[in-house]
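# Report on the structure
Read off the chains here:
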2 protein chains.
Amino acid sequence: MFSSYSQYLDNAVNEIAKLPGIGKRTALRLALHLLKEDEVNVQSFVDAIANLKSKICYCKICHNISDTDICTICQQPKRDTTTICVVQDIRDIIAIENTAQFTGLYHVLGGIISPVDGIGPNQLTLESLFKRVKEEHINEVILALPATVEGDTTNFYIHKNIKEQVKTITTIARGIGIGEELEFTDEVTLGRSLLSRTDFDTSYSRRM
Amino acid sequence: MFSSYSQYLDNAVNEIAKLPGIGKRTALRLALHLLKEDEVNVQSFVDAIANLKSKICYCKICHNISDTDICTICQQPKRDTTTICVVQDIRDIIAIENTAQFTGLYHVLGGIISPVDGIGPNQLTLESLFKRVKEEHINEVILALPATVEGDTTNFYIHKNIKEQVKTITTIARGIGIGEELEFTDEVTLGRSLLSRTDFDTSYSRRM
């Protein structure tokens with residue numbers, strides 16, 4: 001525990017240091033910064049964090065973070081409601097939305113299956129996904145989970161449970177990033193990108 | 001400004017990103033971490049920050065952060081009250097106390113003179129230092145400010161104002177750190193350490 005000459009400072013430093021990736025030294029720097037700030041600014045910081053926990057809810061359809069029962073994406077009338085993209089959390093939605101390449105709906109799992117971290121299928125919103133697939137008319141489910149062992153496990157689990165209901169189940173393409181050099185690409189990615197090679201015309205028409 | 005699908009999340013991210021050294025991406029990661037935490041934990045985080053601003057006061061003698069009018073260091077009866085070590089902020093006190101080499105009192109300036117950042121002598125606790133030196137019996141003032149242009153400026157300013165009252169005014173030694181290699185030391189430090197060379201016996205007896 002951090003210990004200085006003020007119990008209040010110690011408390012604040014210890015609380016800040018509980019955040020991921022923030023050590024005692026950084027926590028002290030941040031606490032001293034807040035201490036120097038105006039009362040009003042610190043109050044709005046504190047209010048923002050308190051509201052974060054008490055006022056945010058999760059979309060009843062896709063489990064995205066939302067201020068209302070149904071999130072702004074699920075509410076958009078022009079979205080293609082027959083396509084669901086399965087992601088881990090809201091950061092992935094922000095990343096995908098920034099590409100402007102996807103017009104369907106999302107399903108936020110809230111994590112991926114990881115026995116090491118004690119996360120099984122029941123801790124995720126998988127049942128709700130299977131229910132959506134059963135009850136709604138879904139043409140395609142896109143699995144956009146991380147390219148890790150845990151991501152693959154989750155992909156297989158989902159595939160097993162929805163393959164009867166959904167015609168098309170896809171995963172986002174693995175391969176060499178645009179602008180990346182071959183010599184710096186790891187062997188597994190390079191190997192996979194050779195196996196999953198695409199037709200020349202198709203590949204270039206997509207990039208145009 | 002960061003914009004996602006929840007105004008409350010946006011607010012929290014924008015507030016967290018105002019902290020020094022924290023960008024939007026890290027702020028989002030921290031906000032999502034807090035969102036996943038239990039209500040109780042978030043509340044104790046929020047309370048710690050709020051108390052930080054509303055309950056902490058500053059020692060009336062040395063201006064150190066304190067929970068009481070006089071800080072725990074100034075209250076210690078065994079301290080040498082005739083020696084004052086002038087530092088920039090509480091982090092320097094923590095660092096010096098960790099060495100267990102100093103038994104005197106401190107004086108926290110709250111910064112150093114830096115015209116570029118708009119910090120003049122009046123923004124610091126310099127007048128209070130001059131008053132202490134005048135009214136109390138002080139044998140030595142140790143200047144432990146950063147070895148920068150701003151630190152030197154502040155050192156000169158203090159020296160000019162207290163040299164009539166205090167017999168001994170010292171600065172902490174500049175030189176090569178213990179365990180440091182000569183080839184990686186910058187020229188200015190190496191040059192200064194040659195000019196301020198110390199007697200062999202004195203140097204080694206201090207390190208024993």
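Residues numbered from 1 in each chain as written. Chains lettered and ligands numbered in written order. Predicted model: local features only at pLDDT ≥ 70, side-chain atom pairs only at ≥ 80, totals over all residues.

### Examining the interface of chain B and chain A
This is how the line gets drawn: Each residue is represented by a C-beta atom placed from its backbone, and any two residues with such atoms within 7 Å are regarded as in contact. Runs of E in the DSSP output that reach at least two residues are strands. Runs of H or I that reach at least four are helices, and both are numbered from the N terminus. Charged residues are taken to be Asp, Glu, Lys and Arg, nonpolar residues to be Ala, Val, Leu, Ile, Met, Phe, Trp, Tyr, Cys and Pro, and polar residues to be all remaining types, Gly included.
At the junction of the two partners, chain B supplies 43 residues and chain A supplies 43 residues. Of all the secondary-structure elements, those providing two or more residues to the side of chain B that touches chain A are helix H1 (7-16), helix H2 (24-36), helix H3 (39-55), strand E2 (65-66), helix H4 (72-75) and helix H5 (90-99) of chain B. Looking at the side of chain B that touches chain A, the element that brings in the most residues is H3(B), giving twelve residues. Taken together, the residues of the side of chain B that touches chain A break down into 25 nonpolar, ten polar and eight charged.

### A word on helix H7 (residues 149-162) of chain A
All names here are of chain A. In plain terms, the rule: Expected helix span is given by 1.5 Å per residue-to-residue step, counting one fewer step than there are residues. Partly exposed residues are those falling between the two cut-offs: more than 12 but fewer than 20 other C-beta atoms within 10 Å of their own, whereas 20 or more means buried and 12 or fewer means exposed, with C-beta atoms placed from the backbone. The arc in question is the one traced by the directions running from the helix axis out to the C-beta atoms.
In a regular helix each residue adds 1.5 Å, so 14 residues correspond to 20 Å; H7 covers 20 Å between its end C-alpha atoms and thus fits that length. Buried within H7 are the following residues: Thr 154, Asn 155, Ile 158 and Ile 162. End-on view of H7: buried residues confined to an arc of 105 degrees, all on one side of the axis. Among the exposed residues of H7, those oriented more than 90 degrees off its buried face are Val 149, Phe 156 and Lys 160.

### Considering the pairing of strand E3 (residues 80-87) of chain B
Stated formally: Note on pairing: DSSP must find at least two bridges between two strands before they are called paired.
As judged from the five bridges shared by E3(B) and strand E4 (residues 104-108) of chain B, these two strands associate in the parallel manner. The residue bridging B:Val86 from the neighbouring strand is B:His107, located in E4(B).

### Section: the confidence of the model for chain A
Low-pLDDT stretches of the model should not have their predicted coordinates read in fine detail. Convention followed: Predictor confidence is given residue by residue as pLDDT, running from a minimum of 0 to a maximum of 100.
Taken over all residues, the pLDDT of chain A has a mean of 90, while the share at 70 or more is 98%. Per the prediction output, this complex has pTM 0.80; the corresponding ipTM is 0.82.

### Some remarks on the packing of helix H1 (residues 7-16) of chain A against helix H2 (residues 24-36) of chain A
Residue and element names in this part refer to chain A. Stated formally: Axis geometry follows a simple rule: fit a line to the C-alpha atoms, using only the stretch in contact for helices, then measure angles between N-to-C directions, giving values from 0 to 180 degrees. Angles are sorted into four bins: roughly parallel if under 35 degrees, roughly antiparallel if over 145, roughly perpendicular if 65 to 115, and oblique for all others. Each crossing gets its hand from how the near helix is turned against the far one by less than a right angle, where anticlockwise is left-handed and clockwise is right-handed.
Across the interface, H1 lies against H2 with an axial gap of 8 Å and an inter-helix angle of 125 degrees. The angle between H1 and H2 falls in the class oblique. Both H1 and H2 take part in a crossing whose hand is right-handed. Between H1 and H2, the residues in contact are Leu 9, Ala 12, Val 13 and Ile 16 and Lys 24, Ala 27, Leu 28, Leu 30 and Ala 31, respectively. Across the contact of H1 with H2, the residue classes break down as eight nonpolar, no polar and one charged.

### Observations concerning the sheet that holds strand E3 (residues 80-87) of chain A
Residues and elements named next belong to chain A. Strands sit in the order E4-E3-E5-E6 across an open sheet of four strands; the sheet is parallel. The strands lining the two open edges of the sheet, one partner per strand, are strand E4 (104-108) and strand E6 (168-171). Pairs of neighbouring strands in the sheet enclose a mean axial angle of 25 degrees, with direction left out of account. For E3 and strand E5 (residues 140-143), the ladder comprises four bridges, and the chain directions are parallel. Among the inter-strand pairings, Cys 85 is bridged to a residue of E5, identified as Ile 142.

### Quick look at the relation of the copies chain B and chain A
So the rule is basically this: Least-squares fitting of one copy onto the other uses the C-alpha atoms of those residues that reach a pLDDT of at least 70 in both copies.
Placing chain B over chain A gives an RMSD of 0.1 Å and needs a rotation angle of 180 degrees, together with 0.0 Å of translation along the axis. Classification of the inter-copy transformation places it as that of a two-fold axis. It is B:Val46 whose C-alpha, among those of chain B, lies nearest the rotation axis, at 2.8 Å. A share of 100% of the interface residues of chain B reappears at the interface of chain A, consistent with the copies meeting face to face through the same patch.

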